[in-house]
Amino acid sequence: MPRILIVGRDFDITTSLVRDLREAGYDVDGIHSHGDIDAVWQQGYFDAVVLGGGLSEEQRAAWLTTLETRSPGTPVFTKGLDGVPGGMSTYLASVVGQLGPNASL
């Protein structure tokens, strides 16, 4: 299973989402602050990053700049606000499918 970093806008929501996704079998970590990125990246490599649907366009642009500096070449996916049935779990299944079977460490 690929290791994926979830970037959210709210600490409580991101924490709850990561817990639920881990229980569903995903290898995920989550952050909501640019100040957290160095600490989370010290824990290891991520196969992909998902920017949550709650981030504004300005926040997404800032995160893209930060991520490109921190880990050039890591794929970044942006979840829309489309309210997909199954929410982030469904979206992550799509991301994992796009990464392919060789993405895991």
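Heads up: the structure comes first, above all this text.
Procedures and definitions
- Residues numbered from 1 in each chain as written.
- Predicted model: local features only at pLDDT ≥ 70, side-chain atom pairs only at ≥ 80, totals over all residues.
- Heavy atoms only, no water.
- Salt bridge = Lys/Arg side-chain N within 4 Å of Asp/Glu carboxyl O.
- Helix = DSSP H or I, 4+ residues; strand = E, 2+ residues; numbered from the N terminus.
- Buried < 20%, exposed > 50% of the residue type's maximum accessible area, 1.4 Å probe, protein only.
- Expected span 1.5 Å × (residues − 1).
- Arc of directions from axis to C-beta.
- Contact = heavy atoms within 4.5 Å.
- Pairing = 2+ DSSP bridges.
- Axes fitted to C-alpha atoms, helices over the stretch in contact; angles between N-to-C directions.

**A closer look at the pattern of salt bridges**
Oppositely charged side chains are able to pair whenever their charged atoms sit close together.
Phase 1 of the analysis: For the coordinates displayed, the defined rule picks out four salt bridges.
Phase 2 of the analysis: One salt bridge connects Asp29 with Arg3, and the closest N-O pair in it is separated by 2.7 Å. With a gap of 26 residues between them, Asp29 in strand E2 (residues 27-31) and Arg3 in strand E1 (residues 3-7) connect regions that are remote in the sequence.
Phase 3 of the analysis: For Asp29, a relative accessible area of 12% gives the class buried.
Phase 4 of the analysis: What you see here is one network of salt bridges that share partners, running through Arg3, Arg22 and Asp29.

**Describing helix H4 (residues 87-99)**
Phase 1 of the analysis: In a regular helix each residue adds 1.5 Å, so 13 residues correspond to 18 Å; H4 covers 19 Å between its end C-alpha atoms and thus fits that length.
Phase 2 of the analysis: Of all the residues in H4, the buried ones are Met88, Tyr91, Leu92, Val95 and Val96. End-on, the buried residues of H4 take up no more than an arc of 145°, which puts them together on one face.
Phase 3 of the analysis: Looking at the buried side of H4, the elements it contacts are E1, helix H1 (11-23), E2, strand E3 (48-51) and strand E4 (76-78).
Phase 4 of the analysis: Looking one or two residues beyond H4, the residue adopting positive phi is Gly100, at roughly 85°.

**Topic: the sheet that holds E4**
Phase 1 of the analysis: Spatial ordering of the open sheet is given by E2-E1-E3-E4, a layout of four strands whose pairing is parallel. The open sheet has two edge strands with one neighbour each: E2 and E4. Across this sheet, the average inter-strand angle for adjacent strands is 25°, counted without regard to direction.
Phase 2 of the analysis: Relative to E3, E1 is paired through four bridges, and the arrangement is parallel. Paired with Leu5 across the two strands is Val49, which belongs to E3.
Phase 3 of the analysis: Contacts between H1 and the sheet are confined to E1 and E2, with E2 contributing the most and set at about 180° to the helix.
Phase 4 of the analysis: Here helix H3 (residues 57-70) sits on the sheet in contact with E1, E2, E3 and E4, set at roughly 165° to E3.

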